[in-house]
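A look at the structure
What follows is each chain in one-letter form.
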Amino acid sequence: MDPRELPDEELWLQMQDDLYDGERDAVCDAVRVALDRGHGPSTVLAEGLVAGMDIVGADFRDGVLFVPEVLLAANAMKAGMEILRPLLVETGAARIGTLVIGTVKGDIHDIGKNLVAMMMEGAGFEVINLGINNDAERFLGAVRQHRPDIIGMSALLTTTMPYMKVVIQALIDEGLRDQVFVMVGGAPVTESFARQVGADAYGRDAATAVELARGHMRQKLAS
Amino acid sequence: MSDSSGRRRERRARQDAARQVAMQPISYRPPPFDLLSPGEIERLHQAALRILGEYGIDFYDDEMLAVLRAHGIAVSGSTARFSPAQIEQYVALAPAQFVQRARNPANNVVIGGDQMVFAPVYGPPFVQDLAGGRREATIADFENFVKLAYLSPHIHHSGGTIVEPTDEPVATRHLDMLYRHIRFSDKAFMGSVTSGENAADSVALAELVFGAAAIREQPALLSLINVSSPRRYDERMLAALKVYARARQALVITPFILAGAMGPASIAGTLAQQHAEALAGIALTQMIEPGTPVVYGSFLTNIDLQSGAPVFGSPESQIGLYASAQLARRQRLPFRGGGMFSSSKLPDAQAGYESIMVMQPTLLARTNFVLHAAGWLENGLVAGYEKFVLDCEILGMLHVWARGIDCSDEALAFDAHDEVPPGGHYLGTAHTLRHFRDAFYRAELFDYTSAEQWQLNGAQDSFARAAHKVRALLDSYQLPPIDPAIDAAVCGWIARRRAEIGQRPQEF
């Protein structure tokens, strides 16, 4: 169906459905049509993309959607966001947030971390993915360069988990700790470990991590 | 939420529901596991022939003794002694496999060859569930289990006396049970064996549902004849056996042996006895009606020689199962054995371990007809609701197991290897997107969430999750369609028969 022929209300629904189906090109078309009609980028974001990803998130949580389907939807979301992001910056509209994410030094197990990164992108976050085996210097450098709202650290090995504390200490030493919300995750990581190392939040799975990140941004933007 | 996504969700729910109800037949692709060498199997076979020739088998039915005599078998008193040639000659007349009709032809089952058919537990006088504990089984329980078996895609057969409906009069109980199988399911079912008359009623009802000629071409009933081991067929079983054989309805001839009590305190000796008993009964069915479909059955476990209690899930019963299947294959007969056996009172760790300890050999032995594939607890005294659905979960997994490994080009997935760099992931490849829904078995009752999520969800164990599943299944149940004329004929026939039986003085 040609999105140009749809009245606004149906255009949003179409955008949400295309997002749900992971139809990247169709989502981008619908975003452009909405912008052409004079809708502001934050309206397109809220009415189309975010509303669509909320449905994806709920169906994923309820076991209707599978991981590969969510990744497709997240990719479509990311593509839509790439069109909107410069416009959002231009208009000074509320940002969704920026996230720096990586596995800590000594750990090359990154599938879970990549899943979180993709789901964050799916939620509209700008994600700087540092990849695997990151030392404190890499995290510090990324914080200085990208000025993220959040940094996320991941580990699969009990032997590499303690390095999260090293990174957090480095943030404190450099006077950067107050500027970022620190989230940690990974199979052996627990809520109490997160508190122990001085992190702000622990995401037990990718969907929870996204919820926590969105919660933090709501709080941050409200204050 | 938007309307269109609401519609999508409905569509998905419908697709899921459709997937749930369709029965999945099971073809066992890998080679069956042979525990014994051909030489060892031959030694067991020779031992059985010696038992048949020297000690013979007792038949407590004059008419059947006359049939045996007429076919040249040496009969003295009620004992029949068979020569090796007589056994080979008559057993060879039985078909290697056959089709049993179901009311829904899509649910017809092949019994034999590389096909495996799973049927519910048979015979428990008690039921057990999380909410109500252990109690006497009623016709309402019977109906519930027929529904659960109908709803599971991993149960291929509606079974027989899934539970004994103790609230119905004994003389007409078989009618109550048969009607539930006919009306509340459309899968194949078993006939009554509690008397010759009840067997005749079963045949009459099958004729009404399927047609008298049709059931003689392909049987509509599969009925369970137990040998009262050691070496004895009783009046009741023989009365049912002859009715079914004459109507060319399928029979499962099963020596019921608890080694140590009803067989020697050794597996080899017990296997020889079982083989002798089974072959004698199978030969008799072929003398009555050559070509009658018949299954070589084994119900073999041991007692605890310290206490005398029967033991289910013992290692001896498992190795006995493999050898029994080999003996049936030696005769080119369909094989019945195994099941989700347990001595446990609850669907707990003991129940789970014991059940899979028997069910895995049942699968590897390529057992053609598996009675007691779901619901068995407490040595068969109890049918567990939660145990039933938990067993079905494992049966689903065994369906995957039985397929072996697909080694096609598509399964080798070179486009996925091509797409993913070292250290990358396969979650989003085109190959994954083509297959993610059915690439791997997805258990419903086993929890794969994180510990924190599991806590948040109420920290339920599998017993509690199964209880929810039982309720959800029974709530979702819908009657399968039936031709109203057939239903009316069946109901009318049962009402007349019930009145007839009701006028007789009760023997109990």
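Residues numbered from 1 in each chain as written. Chains lettered and ligands numbered in written order. Predicted model: local features only at pLDDT ≥ 70, side-chain atom pairs only at ≥ 80, totals over all residues.

1. A word on the overall build of chain A
The helix and strand inventory of chain A stands at nine helices and five strands. Whereas a compact globule of 223 residues would reach a radius of gyration of roughly 17 Å, chain A reaches 18 Å, a difference of no more than 12%. Referenced to the eigenvectors of the C-alpha coordinate spread, the extents of chain A come out at roughly 55 × 35 × 25 Å. Sequence-distant contacts in chain A: of pairs separated by 6 or more residues, those separated by 24 or more amount to 74%. (Helix = DSSP H or I, 4+ residues; strand = E, 2+ residues; numbered from the N terminus. Rg over C-alpha atoms; globule rule 2.2 N^0.38 Å. Contact = placed C-beta atoms within 7 Å.)

2. What about helix 9 (residues 235-246) of chain B?
All names here are of chain B. For helix 9, built from twelve residues, the straight-helix expectation of 16 Å at 1.5 Å per residue is met to within 8% by its first-to-last C-alpha distance of 17 Å. For helix 9, the tally of buried residues reaches nine of twelve residues, placing the bulk of the element in the interior. Of the residues making up helix 9, those classed as buried are Met-237, Leu-238, Ala-239, Ala-240, Leu-241, Lys-242, Val-243, Tyr-244 and Ala-245. Positive backbone phi, approximately 55°, marks Arg-248, located one or two places after helix 9. (Expected span 1.5 Å × (residues − 1). Buried ≥ 20, exposed ≤ 12 C-beta atoms within 10 Å, placed from the backbone.)

3. Regarding the nonpolar core
When a protein is soluble and globular, its nonpolar side chains tend to lie buried together. Judged by nonpolar contacts, the single largest core of 135 residues is most densely connected at Leu52(B), Leu251(B), Leu279(B), Ile282(B), Ala283(B) and Val295(B). Among the elements that line this core, the one with the most residues is helix 10 (residues 267-288) of chain B, at ten residues. Not counting chain neighbours up to four residues away, the residues in contact with Ile282(B) comprise Val91(B), Ala94(B), Ile253(B), Val294(B), Tyr296(B) and Leu333(B). By size, the runner-up hydrophobic cluster in this structure holds 70 residues, among which are Val70(A), Ala74(A), Phe125(A) and Phe181(A). (Core = buried A, V, L, I, M, F, W, Y, C linked by C-beta atoms within 7 Å.)

4. Concerning the sheet that holds strand 13 (residues 232-233) of chain B
All names here are of chain B. Reading across from one edge, 3-4-2-13 is the order of the four strands in this open sheet, with mixed pairing throughout. Edge positions in the sheet fall to strand 3 (74-76) and strand 13, since each of these pairs with one other strand and no more. When strand 2 (residues 57-59) meets strand 13, the two strands line up parallel, connected through two bridges. Bridged to Phe-59 within strand 13 is Tyr-233. (Pairing = 2+ DSSP bridges.)

5. Re the pairing of strand 1 (residues 98-103) of chain A
Residue and element names in this part refer to chain A. Of all six residues in strand 1, five are buried, a share of seventy percent or more. Judged from the four bridges that link them, strand 1 and strand 2 (residues 126-129) form a sheet pairing that is parallel. What sits directly across from Leu-99, in strand 2, is Val-127. Handedness of the β-α-β unit built from strand 1, helix 5 (residues 111-122) and strand 2 comes out right-handed. Two strands pair when backbone bridges link them, and strand 1 and strand 3 (residues 150-154) are joined in this way by five bridges, in the parallel orientation. Within strand 3, the position partnered with Gly-102 by the bridge is Met-153. (Right-handed = clockwise from strand over helix to strand, strands pointing away.)

6. Considering the sheet that holds strand 21 (residues 382-384) of chain B
Residues and elements named next belong to chain B. In spatial order, the strands read 9-8-21-20; together these four strands make up an open sheet with mixed pairing. Every interior strand has two partners, whereas the edge strands, strand 9 (133-136) and strand 20 (376-377), have only one. As judged from the two bridges shared by strand 20 and strand 21, these two strands associate in the antiparallel manner. Looking at strand 21, one finds that Leu-377 is bridged to Val-382.

7. Topic: the confidence of the model for chain B
Mean pLDDT over chain B works out to 94, with 95% of the residues at or above the 70 mark. The complex prediction reports pTM at 0.89, with the ipTM value standing at 0.81. (pLDDT = per-residue confidence, 0-100.)

8. Comments concerning the packing of helix 6 (residues 136-146) of chain A against helix 7 (residues 163-173) of chain A
The relative placement of two packed helices comes down to the angle between their axes together with the axis-to-axis distance. All names here are of chain A. Running from amino to carboxyl end, helix 6 crosses helix 7 at an angle of 45°, the nearest separation of the two axes being 9 Å. Between helix 6 and helix 7, the crossing angle belongs to the class labelled oblique. Note that helix 6 runs across helix 7; the crossing there is right-handed. Residue-level contacts link Ala-136, Phe-139 and Leu-140 of helix 6 to Val-166, Val-167 and Ala-170 of helix 7. (Axes fitted to C-alpha atoms, helices over the stretch in contact; angles between N-to-C directions. Parallel < 35°, antiparallel > 145°, perpendicular 65-115°, else oblique. Left-handed = near helix turned anticlockwise from the far one by under 90°.)

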